[in-house]
Amino acid sequence: METGKYQEINIEAKKLEIINRIIQLYDYSLLLKLEGILDDSDLEYDEWNGLSKEEITGIKAGLEDIKSGRETPHEVVEKRIDDFI
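Nothing here was measured: the structure is a model prediction, and the numbers come from that model.

Points about the overall build of the protein
Part 1 of the reasoning: A count of helices and strands for the protein gives 4 helices and 0 strands.
Part 2 of the reasoning: Each helix and strand of the protein, ordered N terminal to C terminal, gives the series α-α-α-α.
Part 3 of the reasoning: Across the 85 residues in the protein, those meeting the buried criterion constitute 2%.

Some points on helix 3 (residues 53-67)
Since the α-helix packs 3.6 residues into each turn, any two residues three or four apart lie on the same face.
Part 1 of the reasoning: For helix 3, which comprises 15 residues, the first-to-last C-alpha distance of 21 Å matches the rise-based estimate of 21 Å (1.5 Å per residue) to within 8%.
Part 2 of the reasoning: Taken from the residues just after helix 3, Gly69 is the one with a positive phi, measuring 80°.

Some words on the pattern of salt bridges
Part 1 of the reasoning: Tallying each qualifying case throughout the model produces 5 salt bridges.
Part 2 of the reasoning: Of the charged contacts, one joins Lys15 and Glu12 as a salt bridge, the two residues approaching to 3.3 Å between their closest N and O atoms. Here the residue Lys15 and the residue Glu12 both occupy positions in helix 1 (residues 4-23), the gap between them amounting to 3 residues, near one helical turn.
Part 3 of the reasoning: Note that Lys67 and Glu64 form a salt bridge whose closest N and O atoms lie 3.8 Å from each other. Taken as a pair, Lys67 and Glu64 lie in helix 3 at a separation of 3 residues, close to a single helical turn.
Part 4 of the reasoning: Exposure remark for Lys67: the relative accessible area of 66% places this residue in the exposed category.

Notes on a nonpolar patch on the surface
Part 1 of the reasoning: A contiguous nonpolar patch, built from Leu51, Ile59, Leu63 and Ile66 and spanning about 310 Å² of accessible area, is present on the exposed surface.
Part 2 of the reasoning: You can see Ile59 is positioned in helix 3.
Part 3 of the reasoning: Note on Ile59: relative accessible area 36%, which makes it partly exposed.

Structural notes on the confidence of the model for the protein
Part 1 of the reasoning: Within the protein, residue pLDDT values average 82, and 85% of them lie at 70 or more.
Part 2 of the reasoning: Model confidence for the protein, summarised as mean pLDDT per element, is weakest for helix 1 at 84 and strongest for helix 4 (residues 74-84) at 89.

Reading the values: rules and limits
- Numbers given for residues are sequential positions, taken from 1 along each chain in its written order.
- Per-residue local features of the predicted model are confined to residues with pLDDT of at least 70, and side-chain atom pairs are confined, for both listing and counting, to 80 or more; whole-chain, interface and lining totals are unaffected and use all residues.
- Side-chain numbers come from the whole structure's heavy atoms, not from hydrogens or water.
- Only DSSP runs of H or I covering at least 4 residues are called helices, and only runs of E covering at least 2 are called strands; the numbering of each starts at the N terminus.
- Here the term buried applies to any residue with accessible area under 20% of the maximum for its type, exposed to any over 50%, and partly exposed to those in between, with areas from a 1.4 Å probe on protein chains only.
- One less than the residue count of a helix, multiplied by 1.5 Å, gives the span that helix is expected to have.
- Within this document, salt bridges are pairs made up of a side-chain nitrogen of Lys or Arg and a carboxyl oxygen of Asp or Glu, the two lying within 4 Å of each other.
- The patch calculation keeps residues exceeding 30% relative accessible area without a salt bridge and links them within 9 Å when they carry like charges or within 5 Å when they are nonpolar (Val, Leu, Ile, Met, Phe, Trp, Tyr).
- Computed by Shrake-Rupley with a 1.4 Å probe, the accessible areas treat only the displayed protein chains as cover when residues are assessed.
- Confidence scores labelled pLDDT are given residue by residue by the predictor and lie between 0 and 100.

Right, here's the structure in full:
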């Protein structure tokens, strides 16, 4: 396994290789697919690593629910459970 400076150089080299290949593409549908892959991968979050596509989709849906106000406070859920039991 590569570590340190050598790994950083290889990552940069791989990025440049991919960029060069993309520049040579003329297949619009393939470019759209690549764009979709980049949009789907939340590059700023390494904690997505190891999660399945379904898990990531569920987490993102939950975050959208919170942003949209579709959430139930923990205390309300606890009370409902207590009332049910």
